[in-house]
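Analysis of the macromolecular model
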Amino acid sequence: MRETTEKLSKDQLILLNPNVEYYWDLTGDKAAEIIEIGIHGLEFSKIGDAESDFSYYRHNDGEKETATFLNLLLDEMSTRNQGYEEVSKRFVEIILIHLLRLEEFSIRNSLNKKNHKEIQTVKNYMKVNYHKNITLDDLVDLVHINKFYLIRIFKQEVGMSPIDYLIHIRIDEAQKMLRNTNIAIADIAHLVGFQSPSHFSKTFRELSNCTPSQYRRQGNQ
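In this report, we go over the structure that sits alongside the text. From a predicted model like this one, the values you see are computed outputs, not experimental measurements.

**Some remarks on the pattern of salt bridges**
- In this structure the tally under the stated criterion is six salt bridges.
- Linking Asp 137 and Lys 147 is a salt bridge whose minimum nitrogen-to-oxygen distance equals 3.1 Å. A residue pair is termed long-range when its members are at least 10 positions apart, and Asp 137 in helix α4 (residues 136–143) and Lys 147 in helix α5 (residues 147–158) qualify at ten residues.
- Lys 147 gets classed as partly exposed once you look at its relative accessible area, which sits at 30%.
- Taken together, the shared-partner salt bridges in this structure form one network comprising Glu 86, Lys 89, Arg 90 and Glu 93.

**Some thoughts on a nonpolar patch on the surface**
- On the surface, Ile 35, Ile 37, Ile 39 and Met 77 cluster together into a nonpolar patch covering about 300 Å² of accessible area.
- With respect to the helices and strands, Ile 37 occurs in the loop between β1 (12–16) and β2 (42–46).

**Quick word on the nonpolar core**
- One finds Met 126, Leu 150, Val 192, Phe 200 and Phe 204 to be the most contacted residues of the largest nonpolar core, which totals 29 residues.
- The set of elements that each furnish at least two residues to this core consists of α3 (111–129), α4, α5, α6 (162–180), α7 (185–191) and α8 (197–208).
- The element best represented in this core is α6, accounting for seven residues.
- Each residue touching Leu 150, except ones within four places of it in the same chain, is listed here: Ile 119, Val 122, Leu 136, Leu 139, Val 140, Ile 145 and Pro 162.
- By size, the runner-up hydrophobic cluster in this structure holds twelve residues, among which are Leu 13, Phe 44, Phe 91 and Ile 95.

About the criteria used
Residues numbered from 1 in each chain as written. Predicted model: local features only at pLDDT ≥ 70, side-chain atom pairs only at ≥ 80, totals over all residues. Heavy atoms only, no water. Salt bridge = Lys/Arg side-chain N within 4 Å of Asp/Glu carboxyl O. Helix = DSSP H or I, 4+ residues; strand = E, 2+ residues; numbered from the N terminus. Buried < 20%, exposed > 50% of the residue type's maximum accessible area, 1.4 Å probe, protein only. Patch = residues over 30% accessible without salt bridge, like charges linked within 9 Å, V, L, I, M, F, W, Y side chains within 5 Å. Areas by Shrake-Rupley, 256 points an atom, 1.4 Å probe, with all protein chains shown as cover. Core = buried A, V, L, I, M, F, W, Y, C linked by side-chain atoms within 4.5 Å. Contact = heavy atoms within 4.5 Å.

So yeah, pure geometry; function would need other evidence.
This is the structure in structure tokens:
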């Protein structure tokens, strides 16, 4: 991304993408009030430009409606009355809609893009280590993000929780063993990471609509 320097003036609204480095430089003895608001999960791009070309969008706030909602947003965030977070989100949405009407930039969801690497790391780890006693804390330590945040973004990308995904991997591996080997069912349960044969049989039936024994017999027919 190219470096650029811009002179800013009063009441300007600046949109910056995540991971864009910037700093404010005040000359002489001048002072300024700068209010920064973080918007999680969004990225901005100029219409017709490549994603990497977007560094900032400057809005000269001549629209009274935009200024009105911006002031309401700042009031909510400063007073922090009950429910202020949800109210603030709504004001942010309204402000962005007003800016989008100018058709000078577009907005995209960055959650999946931003977290794809972490999700892939977790999936790969479980595929290799499914036979081990993996906990959610183990996965959190692996990618160094909040437990509840990991669950949320994993569900968004994969469609199920990390632990449910792990269970599906274990059952898939168990099905392969049942089809291709004569290993005892109790031993298969242990080999794919279940702590007890009864838990394995119960889970297998829930996901496969039959018991491990029935599945093996069907495969041998």
